[in-house]
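Coordinate inspection notes
Each chain, written out:
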Amino acid sequence: MESRAEYRGTCLCGAVRVTAKPTSNSIGACHCTMCRKWGGGPLFAVECESEVDFEGAEHISTFSSSEWAERGFCQKCGTHLFYRLKQAGHFAIPVGLFDGADQWQLTEQIFIEQKPSFYSFAEKTKNLTGEEAFAQYSGK
Ligand SMILES: [Zn+2]
Ligand SMILES: [Zn+2]
């Protein structure tokens, strides 16, 4: 189901504002070791293709976390702002940036094989291994 509503969010300190049009209201959780090291826990992100606009972009630093992706964060407060596929310009935005949480649904978990045993989500979701996730999203 398409939901092209526009959502606004900010980092903790307010130096960076984001406006995005997510492709749907579905949230994916990534359990990979990199996401968990980055944020201290799984990454909950909303897919936005390239329809993302940042105000205060001069306060954003990016870290090239792999050959194919980079991660952006606020230089002033450290808030994580995006995971971006370099080639495709595809953004995954941490859902916590956006104000209000009622519209989202957790529908997918990826890198499920890297999830540590000390937590599990009760929501019924599609679960993909890292390999399956790459196969599904290759070309994006
Ligand atoms: Zn900030
Ligand atoms: Zn990850």
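Whatever comes next refers back to the structure up there.
Structural notes, computed from the coordinates. (Residues numbered from 1 in each chain as written. Chains lettered and ligands numbered in written order. Predicted model: local features only at pLDDT ≥ 70, side-chain atom pairs only at ≥ 80, totals over all residues. Heavy atoms only, no water.)

1. Some words on the sheet that holds strand E3 (residues 26–30)
Whether parallel or antiparallel, the strands of a sheet pair through hydrogen bonds between backbone atoms. Quick reminder of the rule: One requirement defines pairing of two strands: DSSP has to find at least two bridges between them. Each helix is a run of DSSP H or I of at least 4 residues and each strand a run of E of at least 2, with the numbering of both proceeding from the N terminus. The axes used here are C-alpha line fits, helices contributing only the stretch in contact, and every angle between their N-to-C directions lies in the interval 0 to 180 degrees. Whether two residues are in contact is decided by their heavy atoms: any pair within 4.5 Å suffices.
Read across the sheet, eight strands follow the order E6-E7-E8-E9-E4-E3-E10-E11 without closing on themselves; strand pairing throughout is mixed. Only two strands of the sheet have a single partner each, and these edge strands are strand E6 (60–64) and strand E11 (126–128). For this sheet, the mean inter-axis angle between neighbouring strands, taken without regard to orientation, is 30 degrees. Bridge analysis of strand E4 (residues 43–47) against strand E9 (residues 90–94) gives three bridges, and the strand direction is antiparallel. Its bridge partner lying in E9, Glu47 is registered against Ala92. Strands strand E10 (105–110) and E11 of the sheet are contacted by helix H2 (residues 130–137), whose axis makes an angle of about 105 degrees with E11.

2. Overview of the coordination of the zinc ion (ligand 1)
Short version of the rule: Note that water is not among the atoms used; donors are N, O and S atoms within 2.8 Å of the metal (3.2 Å for Na, K and Ca), so sites may look incomplete. Angular criteria define each label, namely tetrahedral for four donors with all angles between 85 and 135 degrees, square planar for four and octahedral for six donors with opposite donors over 155 degrees apart and remaining angles between 65 and 115, and irregular for whatever fails these tests. Note on classification: 1.4 Å probe, protein chains only; a residue is buried when its accessible area is under 20% of the maximum for its type, exposed when over 50%, partly exposed between these limits.
For the zinc ion (ligand 1), every protein donor is listed as Cys11 (SG), Cys13 (SG), Cys74 (SG) and Cys77 (SG), and the spread of their distances is 2.3 to 2.4 Å. Coordination at the zinc ion (ligand 1) is tetrahedral, judged from the four donor atoms that bind it and the angles of 104 to 113 degrees they form at the metal. All donor residues of the zinc ion (ligand 1) come from one chain, and their arrangement in sequence is C-x1-C-x60-C-x2-C. In this pair, Cys13 is assigned in the loop between strand E1 (7–10) and strand E2 (17–20) and Cys74 in strand E7 (residues 69–74), connecting sequence segments 61 residues apart. For Cys13, a relative accessible area of 40% puts it in the partly exposed group.

3. Here's the deal with the sheet that holds strand E5 (residues 52–55)
Across the sheet, which stays open at both edges, the three strands sit in the order E1-E2-E5 with antiparallel pairing between neighbours. Only two strands of the sheet have a single partner each, and these edge strands are E1 and E5. Neighbour-to-neighbour, the strand axes of this sheet turn through a mean angle of 20 degrees, independent of strand direction. Inspection of the sheet shows E1 paired to E2 by four bridges, in the antiparallel sense. Paired with Thr10 across the strands is Arg17, a residue of E2.

4. Points about the pattern of salt bridges
Inclusion rule: When a carboxyl oxygen of Asp or Glu is within 4 Å of a side-chain nitrogen of Lys or Arg, the pair counts as a salt bridge.
Tallied over the entire structure, the rule returns two salt bridges. One salt bridge in this structure joins Arg8 and Glu6, with 3.4 Å as the shortest N-O distance. With relative accessibility at 53%, the residue Arg8 sits in the exposed group. Exposure remark for Glu6: the relative accessible area of 45% places this residue in the partly exposed category. For Glu70, the salt bridge goes to Arg84, with nearest N and O atoms at 2.9 Å. Of this pair, Glu70 sits in strand E7 while Arg84 is found in strand E8 (residues 80–85), placing the two residues 14 residues apart along the sequence.

5. Quick look at the nonpolar core
Cut-off, in case you're wondering: By nonpolar core is meant a set of buried Ala, Val, Leu, Ile, Met, Phe, Trp, Tyr and Cys residues that side-chain atoms within 4.5 Å join together.
Val52, Phe54, Leu81, Ile93 and Phe98 are the most contacted members of the largest nonpolar core, which totals 22 residues. Mapped by element, the contributors of at least two residues to this core are E2, E3, E5, E8 and E9. Ignoring any residue separated from it by four or fewer positions in sequence, one finds Phe98 in contact with Tyr7, Arg8, Gly9, Val18, Ala20, Val46, Ile93 and Trp104.

6. Notes on the coordination of the zinc ion (ligand 2)
At 2.1 to 2.3 Å from the zinc ion (ligand 2) lie its protein donor atoms, namely Cys30 (SG), Cys32 (SG) and Cys35 (SG). Summarised as a motif, the one-chain spacing of the donors to the zinc ion (ligand 2) is C-x1-C-x2-C. Under the relative-accessibility criterion, Cys32 is labelled buried at 8%.

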